[in-house]
Every structure is written in C-alpha cells, then in structure tokens.
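Examination of the molecular architecture
The chain contents come next:
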Amino acid sequence: MALPLRPTSACEERRMIGRYNTSLPRSPAQLRHLADYADRIHDARARRALFLPTELLSEPAWNILLALFAATARGGTLSTTRACDASGAPMATALRWLGTLTQLGLVETIPCPTDLRVRNLRLTPKGLATMVNLLTELNASSI
C-alpha cells in the first residue's frame, strides 16, 4: 500500500511515522551504507540550488533528517547550528522544524560534554528506525 506523499494533519503524520517497524536489525556496515546514501541524497539536493531558485527547493525537515541520520548512524551527533546549516533554511525556520521533529519524537537533544553552550542533536531510536526503513526503501527502488 502506497503512503500518501503529504500527510493531511499532524495526527496523520504521527500515524504514518508509527507505521514502520522500530527495531533495527541492521549491521554496522548496513548503517554506514545507508549513511553514505543519505549523504549522497543531501549533496544532490544541495546541488539543485545551482540550477533553480532555492525558494523552489525548500524542505528543511527532510534535509535535517538526512544530516542527522548520517551522523547518528555513524555514532555521532550534530550541533544545533550544524543541523540548521544542513537544513538550507534560515536559522529561525530550521529551529522551528527542529522543534517539530522533537515533538514527533524523531530528534533528541544531547548535552555537549565539553561546552555547555552547545546543544547536540541525534535521532531518537524511533527516528533512526524510521529513517532506516525509509532510506532502505528508497535505495531499493533506486530513487
């Protein structure tokens, strides 16, 4: 059954996220492969701005999820600033999307052990599982 391209409401969006298996039966090598795939998607999306106006290409939440997936799958985190930069949107817009992703239970904040001014981000287990399922499906269909 194909999922709709755009949820009609926040409730529908939450229902769709919960649809996937939240277990991660993936090896570290498979996660690294998917992290590389997420990087390629993110890079390709950034290159589109060379040809089209950026206002036509705005999907800050997707860009954030791709960057956070790559970092999380490799065992790391991203600072809030780096996640906002990865979004391709203005800081205020990116921060709003980070708030939404946090409310949906996809992203969590981790304190930085060396600098209390820095907030690090990573995907939650739910966010990681959702992205693994999504990227696995996209990769299999060669999109």
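See the structure shown above.
Residues numbered from 1 in each chain as written. Predicted model: local features only at pLDDT ≥ 70, side-chain atom pairs only at ≥ 80, totals over all residues. Heavy atoms only, no water.

Quick word on the overall build of the protein
Applicable threshold: Where helices and strands are cited, they refer to DSSP runs of H or I of at least four residues and of E of at least two residues respectively, numbered from the N terminus. With a 1.4 Å probe rolled over the protein chains alone, any residue whose accessible area is under 20% of its type maximum counts as buried; one over 50% counts as exposed, and the rest are partly exposed. By definition, residues are in contact when any of their heavy atoms lie within 4.5 Å. Surface exposure here means Shrake-Rupley accessible area, sampled with a 1.4 Å probe, where a residue is shielded only by the protein chains that are shown.
Helix and strand counts for the protein come out as six helices and three strands. Across the 143 residues in the protein, those meeting the buried criterion constitute 38%. Here the contacts in the protein between residues at least 6 apart in sequence split such that 59% fall between residues at least 24 apart. Put simply, the protein shows about 8,700 Å² of open surface, and 59% of that area lies on carbon and sulfur atoms.

So, the nonpolar core
Soluble globular proteins tend to pack their nonpolar side chains together in the buried interior. Stated formally: In this description, a nonpolar core means a group of buried Ala, Val, Leu, Ile, Met, Phe, Trp, Tyr and Cys residues linked to one another through side-chain atoms lying within 4.5 Å.
Judged by nonpolar contacts, the single largest core of 34 residues is most densely connected at Trp62, Phe69, Leu123, Met131 and Leu135. Of all the secondary structure elements, the ones that give two or more residues to this core are helix H2 (28-47), helix H3 (60-73), helix H4 (80-87), helix H5 (91-103), strand E3 (119-123) and helix H6 (125-140). When residues in this core are grouped by element, the largest group, eleven residues, is from H3. Ignoring any residue separated from it by four or fewer positions in sequence, one finds methionine 131 in contact with Trp62, Leu65, Leu66, Phe69, Leu123 and Thr136.

Some details on the side chain of asparagine 120
Mapped onto the secondary structure, asparagine 120 falls in strand E3. Setting aside chain neighbours within four positions, we find asparagine 120 in contact with Thr77, Leu78, Ser79, Glu108, Thr109, Ile110 and Cys112.

Quick word on H3
Residues three or four positions apart in an α-helix share a direction because the helix packs 3.6 residues into each turn. Basically, it comes down to this: By this rule the span expected of a helix is its residue count minus one, scaled by 1.5 Å.
Taking 1.5 Å of rise per residue, 14 residues should cover 20 Å, and H3 covers 20 Å from first to last C-alpha, within 8% of that figure. Within H3, 14 of the 14 residues are buried, which leaves it mostly tucked inside the rest of the structure. Immediately downstream of H3, the backbone of glycine 75 shows phi near 85 degrees, a positive value.

Comments concerning the sheet that holds strand E1 (residues 78-79)
For clarity, the threshold we go by: Strands are treated as partners if at least two bridges between them are detected by DSSP. Axis lines are fitted to C-alpha atoms, over the contacting stretch for helices. Their N-to-C directions set the angle, which ranges from 0 to 180 degrees.
Taken together, three strands build an open sheet; the order of strands is E1-E3-E2 and the sheet is antiparallel. Each having just a single partner strand, E1 and strand E2 (107-111) make up the two edges of the open sheet. Taken together, the five bridges between E2 and E3 define a ladder with antiparallel strand orientation. Note that in E3 the partner of glutamate 108 across the bridge is arginine 122. On top of the sheet, H3 reaches E1, E2 and E3; it is set at about 90 degrees to E3, its chief contact.

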